[in-house]
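Residues per chain are reported as follows:
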2 protein chains.
Amino acid sequence: MGASKTDLFTQQQNELASMAKALAHPARIAILQYLVKTNACVCGDLVEELGLAQATTSQHLKELKNAGIIQGTIEGASVCYCINPAVWKQYKQLFNSFFGEVSLENKCC
Amino acid sequence: MGASKTDLFTQQQNELASMAKALAHPARIAILQYLVKTNACVCGDLVEELGLAQATTSQHLKELKNAGIIQGTIEGASVCYCINPAVWKQYKQLFNSFFGEVSLENKCC
DNA sequence: AACCATCATCGTAATATTGCGATATGGGAG
DNA sequence: CTCCCATATCGCAATATTACGATGATGGTT
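Residues numbered from 1 in each chain as written. Chains lettered and ligands numbered in written order. Predicted model: local features only at pLDDT ≥ 70, side-chain atom pairs only at ≥ 80, totals over all residues. Heavy atoms only, no water.

Per an unreviewed UniProt entry, chain A is named DNA-binding transcriptional regulator, ArsR family, and its organism is Chitinophaga filiformis.

J.: So what exactly am I meant to see when it comes to the protein's contact with DNA strand D here?
T.: Of all residues adjacent to DNA strand D, which total 28 residues, the nearest are Met1(A), Met1(B), Gly2(B), Lys5(B) and Tyr81(B). Protein-adjacent atoms of DNA strand D, using a 4 Å cutoff, are sugar or phosphate at a proportion of 63%. In this structure, Arg28(A) approaches DNA strand D through a side-chain N or O atom, which is 3.1 Å from a phosphate oxygen. Residue His60(A) places a side-chain N or O atom 2.9 Å away from a phosphate oxygen belonging to DNA strand D. (Near = heavy atom within 4 Å. Polar contact = N/O pair within 3.5 Å; in protein donor to acceptor, adjacent residues only side chain to side chain.)

J.: For this particular structure, what's the right way to read helix H2 (residues 26-38) of chain A?
T.: An α-helical turn contains 3.6 residues, so any two residues separated by three or four positions project in the same direction. All names here are of chain A. Over its 13 residues, H2 runs 18 Å from end to end, which matches the ideal 18 Å to within 8%, given 1.5 Å per residue. Of all 13 residues in H2, 11 are buried; the element is thus mostly enclosed. Taken as a whole, H2 has its buried residues at Pro 26, Ala 27, Arg 28, Ile 29, Ala 30, Ile 31, Leu 32, Gln 33, Tyr 34, Leu 35 and Val 36. At the exit of H2 stands Asn 39, carrying a positive phi of roughly 50°. (Helix = DSSP H or I, 4+ residues; strand = E, 2+ residues; numbered from the N terminus. Expected span 1.5 Å × (residues − 1). Buried < 20%, exposed > 50% of the residue type's maximum accessible area, 1.4 Å probe, protein only.)

J.: Got a minute to help me understand the packing of helix H1 (residues 11-23) of chain A against helix H2 (residues 26-38) of chain B in this structure?
T.: The description of two packed helices rests on the angle between their axes and on the distance between the axes. One way to put it is that H1(A) packs onto H2(B) with a least axis distance of 8 Å and a crossing angle of 115°. The element H1(A) and its partner H2(B) pack so that their crossing is right-handed. Between H1(A) and H2(B), the residues in contact are Gln12(A), Gln13(A), Asn14(A), Leu16(A) and Ala17(A) and Pro26(B), Ile29(B), Ala30(B) and Gln33(B), respectively. Here the residues of the contact of H1(A) with H2(B) sort into five nonpolar, four polar and no charged. (Axes fitted to C-alpha atoms, helices over the stretch in contact; angles between N-to-C directions. Left-handed = near helix turned anticlockwise from the far one by under 90°. Contact = heavy atoms within 4.5 Å. Nonpolar A, V, L, I, M, F, W, Y, C, P; charged D, E, K, R; others polar.)

J.: Teacher, can you tell me more about the relation of the copies chain A and chain B here?
T.: Put simply, the second copy of the chain is the first one after a rotation about an axis and a shift along it. Overlaying chain A on chain B yields an RMSD of 0.0 Å, the required transformation being a rotation through 180° with an accompanying axial translation of 0.0 Å. Each copy turns onto its partner about a two-fold axis. Measuring from the rotation axis to each C-alpha of chain A, the shortest distance belongs to Ala20(A), at 2.5 Å. Taken as a fraction of all interface residues of chain A, those also at the interface in chain B reach 100%, which identifies the copy contact as same-surface. (Least-squares fit on C-alpha atoms with pLDDT ≥ 70 in both.)

J.: Would you mind going over the state of the cysteines with me for this structure?
T.: By definition, a disulfide links the sulfur atoms of two cysteine residues through a covalent bond. Residues and elements named next belong to chain A. Applying the stated rule across the entire model yields two disulfides over all chains. Note on cysteine connectivity: Cys 43 is disulfide-linked to Cys 80, with sulfurs 1.9 Å apart. The sign of the 85° torsion about the S-S bond sets the Cys 43-Cys 80 disulfide as right-handed. Placement of the pair is Cys 43 in strand S1 (residues 42-43) and Cys 80 in strand S3 (residues 78-83), with a sequence separation of 37 residues. Exposure remark for Cys 43: the relative accessible area of 32% places this residue in the partly exposed category. (Disulfide = S-S within 2.5 Å.)

J.: What is the right way to read the sheet that holds strand S1 (residues 42-43) of chain B from this model?
T.: All names here are of chain B. What the three strands build is an open sheet, ordered S1-S3-S2; its pairing is antiparallel. The open sheet is flanked by S1 and strand S2 (70-75), the only strands paired with a single partner. For S1 and strand S3 (residues 78-83), the ladder comprises two bridges, and the chain directions are antiparallel. Counted as the bridge partner of Val 42 is Tyr 81 from S3. Most of the contacts of H2 go to S3, to which it runs at about 85°, and overall it touches S1, S2 and S3. (Pairing = 2+ DSSP bridges.)

J.: Sorry, what's going on with the nonpolar core here?
T.: It is characteristic of soluble globular proteins that their nonpolar side chains tend to be buried jointly. Of all hydrophobic cores here, the largest spans 66 residues; its most connected members are Leu23(A), Leu32(A), Phe95(A), Leu23(B), Leu32(B) and Phe95(B). Apart from the residues within four sequence positions on either side, Leu32(A) is in contact with Leu23(A), Leu64(A), Ile69(A), Ile70(A), Ile83(A), Trp88(A) and Phe98(B). (Core = buried A, V, L, I, M, F, W, Y, C linked by side-chain atoms within 4.5 Å.)

J.: Where do I start with the pattern of salt bridges in this structure?
T.: It is possible for side chains of opposite charge to pair when their charged atoms get near one another. Residues and elements named next belong to chain A. Tallying each qualifying case throughout the model produces two salt bridges over all chains. Arg 28 serves as the salt-bridge partner of Glu 63, at 3.3 Å between the closest nitrogen and oxygen. Residue Glu 63 is located in helix H4 (residues 54-67), and its partner Arg 28 is located in helix H2; the two are separated by 35 residues in the primary sequence. For Glu 63, a relative accessible area of 38% puts it in the partly exposed group. In this structure Arg 28 comes out as buried when scored by relative accessible area, which is 6%. (Salt bridge = Lys/Arg side-chain N within 4 Å of Asp/Glu carboxyl O.)

Here's what the structure looks like:
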């Protein structure tokens, strides 16, 4: 089939999964790390930074925008991208609470 | 194409992306949450818990095993699954350092 | 106006993922 | 040994993802 059966799971589970999906590509990780590193609005140089074709880069940027984790504002001829701090924080918290709640005693058989 | 160009990115970026990929499905999130919640070895009842077909559940378990985040030990007729604490900790730390290093001042245009 | 730079979108090809029925495999019960 | 039970694997169909060239759209420059 190829389509996830989202109706079987809770909203929280689907949300976490789609967050993870947004991060599930090295190019998107690289974009986010670059935006975080420069800690500012980045205009233009993302294509050269990645090494992928312009169309491909644009597609990855679109997915990150759809996920809400970055935002792009038009600045004259080019577009400036930066982290969306609120959504970033939300990601951080959700992943943190997902990973945090485990006590690591090995009760396995 | 459909195949990621992993050679363009650093090892760390690829690793983070493949970790995220392991979490990028609500069924796998649900499996992990269930294992964490019961905090023990779980034998058998995963198929009924999920609502997916047995073959599909087995496939998701396989992916989680490949990612290393769970481990399965054969217990007689059935197989017992549980979280791999070391790998879980590693995930937690990597995601934490990924999300942690951002200062949330809004310097955007 | 004509031109160039930047980015988005379209169309397409290759590959991956998801899901399930059918079929193995391997261990216990009788 | 034969019959079930629990898992794994195979094979297939539907859909999603990744990648890129070509083409649009928009703004600035000359």
